[in-house]
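This is what each chain is made of:
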Amino acid sequence: MRQAVMTAPGKIEFRQVERPKPLPHEVLIEIKRIGVCGSDIHVYHGLHPYTSYPIVQGHEVSGLIAEISRDVAGFRVGESVVFMPQVTCGTCYPCRNGMENICNQLKVMGFQTDGAAQEYFPVPADHVLKVPASISLDHAAMVEPIAVAVHALGRYGDVRGKKVVVLGAGTIGNLTAQAARALGASKVLITDVSEYKLVLAQTCGIPLAVNPTQTNLGEEIVKELGSDQADVILECVGSQETINQAIEFARKGSVIIVVGVFGKKPTVDLGFVQDRELTLTGTLMYQKKDYERAIHLIGRGLLNLDGMITHRFPFAAYAEAYQAIDESKGKYLKVMMEL
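A brief look at the structure comes next. (Residues numbered from 1 in each chain as written. Predicted model: local features only at pLDDT ≥ 70, side-chain atom pairs only at ≥ 80, totals over all residues. Heavy atoms only, no water.)

**What to know about the environment of Leu-270**
Keep this limit in mind: Helical segments are the DSSP runs of H or I of at least four residues, strand segments are the runs of E of at least two, and each set is numbered from the N terminus. When a residue's accessible area, from a 1.4 Å probe over protein chains only, is under 20% of the maximum for its type it is buried; when over 50% it is exposed; and in between it is partly exposed.
Following the sequence through the fold, Leu-270 ends up in helix H9 (residues 270-275). In this structure Leu-270 comes out as exposed when scored by relative accessible area, which is 55%.

In structure tokens:
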């Protein structure tokens, strides 16, 4: 079978390797779609601090059950599935208390251990979730980033009837805003400095889209959400500027969820946080319940996912996909590899 290996930053080689057999407690998945995310791009540019080479990428994935270990029940060959790409120890405090997503020894397939950029990929059965036949392979491959958004919103709690601000209209920001609406938020406002991404957000059903370089963000929040402002702000960029905006424009006593990944340590005005009794909360990846909820939202047709897939490439053009991302100068959202 073919396997795409990133041997060094900017270099992808295809190798012919033996098709794996599922070990005990595993299923073998025939990979059909692989989404490229921002973290993958960091690896491609040699900027991911926790990934070494060579590495097989691929963690936003959908596929079909190809083979099942004898000791696994509940799956049938040909079923559409997705999987959670976390590798956990199962024994540390977080793992023992239902927080495997922050395992003390957490590894992620495609970063600290090989991922699914190959034709067949074995996965522990307890990490695999079935997807209804009504959900396309494209949409199934987006369960992983949707689960990130669902988990982030869950860190606040029930958003029904709440007013939400999302800073950043990239893939995660867009999906977070869409998920907030799908989960019953009364109003959702999204920001970005890219007019292209703001237009995409509006196309995906987020009408309140603001460019903070073109207008006063604080005034826009009051104008669109009212004098009580936002109940929760989700920072989905990972930059000094946007965490500053989150703290500056948060209503007293409200919540800020830090979703973006920070390459550089930001300076945070904790005096401001303390004085206004702001709650500053982190979020990482997802749990199984978030995957299940993501699949439910897709199945009910509550998310606009087709409008987010801006580029498609065959598996053999893996390197070309990254080159196209670089050449697009930010005018992409979700890039999908097809097998």
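Read on, since the account is not over.
**Structural notes on the packing of aromatic side chains**
The line we're drawing: Any two of the Phe, Tyr and Trp rings considered here, Trp counted by its six-membered ring, make a pair once their centres fall within 6.5 Å; the pair's planes then place it as stacked at under 30 degrees, edge-to-face at over 60, or tilted in between. Here, a charge over a ring is recorded when the distance from Lys NZ or Arg CZ to the ring centre is within 6 Å and its angle to the ring normal is within 35 degrees.
This structure, assessed with the given rule, holds 6 aromatic pairs. Ring geometry for Phe-315 versus Tyr-318: centroids 5.8 Å apart, planes at 80°, classification edge-to-face. On the basis of relative accessible area, Phe-315 is assigned to the buried category, the value being 2%. A relative accessible area of 3% places Tyr-318 in the buried class. One aromatic cluster is present, formed by Phe-14, Tyr-44, Phe-315, Tyr-318 and Tyr-322 through successive ring pairs. Between the NZ or CZ atom of Arg-19 and the centre of the ring of Tyr-120, over which it lies, the distance is 4.2 Å.

**A short note on helix H7 (residues 217-225)**
Test applied: What the arc describes is the spread of directions from the helix axis to the C-beta atoms. Any pair of N or O atoms that falls within 3.5 Å is considered a polar contact. Within protein, one atom must be able to donate a hydrogen and the other to accept it, and sequence-neighbouring residues count only if both atoms are side-chain atoms.
Of the positions making up H7, those classed as buried are Leu-217, Gly-218, Glu-220, Ile-221 and Leu-225. Relative to the axis of H7, the buried residues are bounded by an arc of 160° and lie together on one face. Residues Glu-219 and Lys-223 are exposed on H7 and point more than 90 degrees away from its buried face. You can read the cap of H7 off the contacts: a side-chain oxygen lies 3.1 Å from the backbone nitrogen of Gly-218, and it is on Asn-216. Of the residues trailing H7, Gly-226 is marked for its positive phi of about 95°.

**Let's talk about the pattern of salt bridges**
Think of it this way: side chains of opposite charge can pair up when their charged atoms draw near. Just so we agree on the cut-off: Definition used for salt bridges: Asp or Glu carboxyl oxygen within 4 Å of a side-chain nitrogen of Lys or Arg.
Applying the stated criterion across every chain, the model contains 13 salt bridges. Glu-13 is the salt-bridge partner of Arg-15, the closest N and O atoms lying 3.9 Å from each other. Arg-19 is paired through a salt bridge with Glu-67; the nearest N and O atoms lie 3.6 Å apart. Pair noted here: Arg-19 is in the loop between strand S2 (11-16) and strand S3 (26-36) and Glu-67 is in strand S4 (residues 60-68), with a separation of 48 residues, a long-range link. A residue is classified by how much of its surface remains accessible, and Glu-67, at 19% relative accessible area, is buried. The network of salt bridges with common partners includes Arg-33, Asp-138, Arg-312 and Glu-338.

**Some details on the sheet that holds strand S14 (residues 255-258)**
Going by this rule: Paired strands, in this sense, are two strands between which DSSP finds at least two bridges. Lines fitted to C-alpha atoms define the axes, with helix axes restricted to the stretch in contact, and inter-axis angles between N-to-C directions lie between 0 and 180 degrees. Contact definition: two residues touch when any of their heavy atoms are within 4.5 Å.
If you walk across this open sheet you meet the 6 strands as S12-S11-S10-S13-S14-S15, and the pairing is parallel. Of all the strands in the sheet, just strand S12 (208-210) and strand S15 (279-282) have a single pairing partner and so form its edges. Taking the axes of each pair of neighbouring strands and ignoring which way they run, one obtains an average angle of 20° across the sheet. When strand S10 (residues 163-167) meets strand S11 (residues 187-191), the two strands line up parallel, connected through 5 bridges. Looking at S11, one finds that Val-164 is bridged to Val-188. The strands that helix H5 (residues 171-182) touches are S10, S11 and strand S13 (232-235); relative to S11, the one it contacts most, it runs at about 175°.

**A few points about the packing of helix H4 (residues 143-156) against helix H10 (residues 288-299)**
When two helices pack together, their arrangement is given by the angle between the helix axes and by the axis-to-axis distance. Operational definition: Orientation labels follow simple angle bins: below 35 degrees gives roughly parallel, above 145 gives roughly antiparallel, 65 to 115 gives roughly perpendicular, and whatever is left gives oblique. Two helices crossing with the near one rotated counterclockwise from the far one by less than a right angle form a left-handed crossing, whereas a clockwise rotation gives a right-handed crossing. Residues are sorted three ways: Asp, Glu, Lys and Arg are charged, Ala, Val, Leu, Ile, Met, Phe, Trp, Tyr, Cys and Pro are nonpolar, and all the rest, Gly among them, are polar.
Two numbers describe how H4 lies on H10: the axes approach to 8 Å, and their chain directions differ by 110°. By the angle between their directions, the pair H4 and H10 is classed as roughly perpendicular. Every pair of crossing elements has a handedness; the one defined by H4 and H10 is right-handed. Contact residues: Val-143, Glu-144, Ile-146, Ala-147, Val-150 and His-151 in H4; Asp-290, Tyr-291, Arg-293, Ala-294, Ile-295, Leu-297 and Ile-298 in H10. Among the residues forming the contact of H4 with H10, the class breakdown is 9 nonpolar, 1 polar and 3 charged.

**Description of unusual backbone geometry**
Cis geometry is found at the peptide bond from Tyr-53 to Pro-54, where omega equals 0°. Relative to the assigned elements, Pro-54 resides in the loop between helix H1 (38-44) and S4. Of note in this structure, Met-285 is not a glycine but carries a positive phi near 55°. A positive phi is found at Lys-329, a non-glycine position, where the angle reads about 55°.

**Re the side chain of Asn-174**
Take Asn-174: it is sitting in helix H5. Here Asn-174 falls in the buried class, since its relative accessible area comes to 0%. A distance of 2.8 Å separates a polar atom in the side chain of Asn-174 from a polar atom in the side chain of Gln-178.

**Considerations on the layout of surface pockets**
This is how the line gets drawn: Cavity and pocket criteria rest on a 1 Å grid covering protein atoms alone: a 1.4 Å probe that fits but cannot get out defines a cavity, protein on both sides within 12 Å along at least 5 of 7 lines defines an open pocket, and an atom within 4 Å of a point defines a lining residue. Grid points are joined across faces, edges and corners, and a volume is the space filled by probe spheres set on the points.
Counted as a void, the largest pocket has a volume near 1800 Å³. Taken together, 49 residues form the lining of the largest pocket, with Gly-38, Ser-39, His-42, Gly-260 and Val-261 sitting closest to its centre. Element by element, the count of residues in the lining of the largest pocket is highest for H1, at 4 residues. When the residues that make up the lining of the largest pocket are grouped by side-chain class, the tally is 25 nonpolar, 18 polar and 6 charged. Size it by volume and the second largest pocket reaches roughly 170 Å³. Here the lining of the second largest pocket is built from residues that sort into 2 nonpolar, 5 polar and 3 charged.

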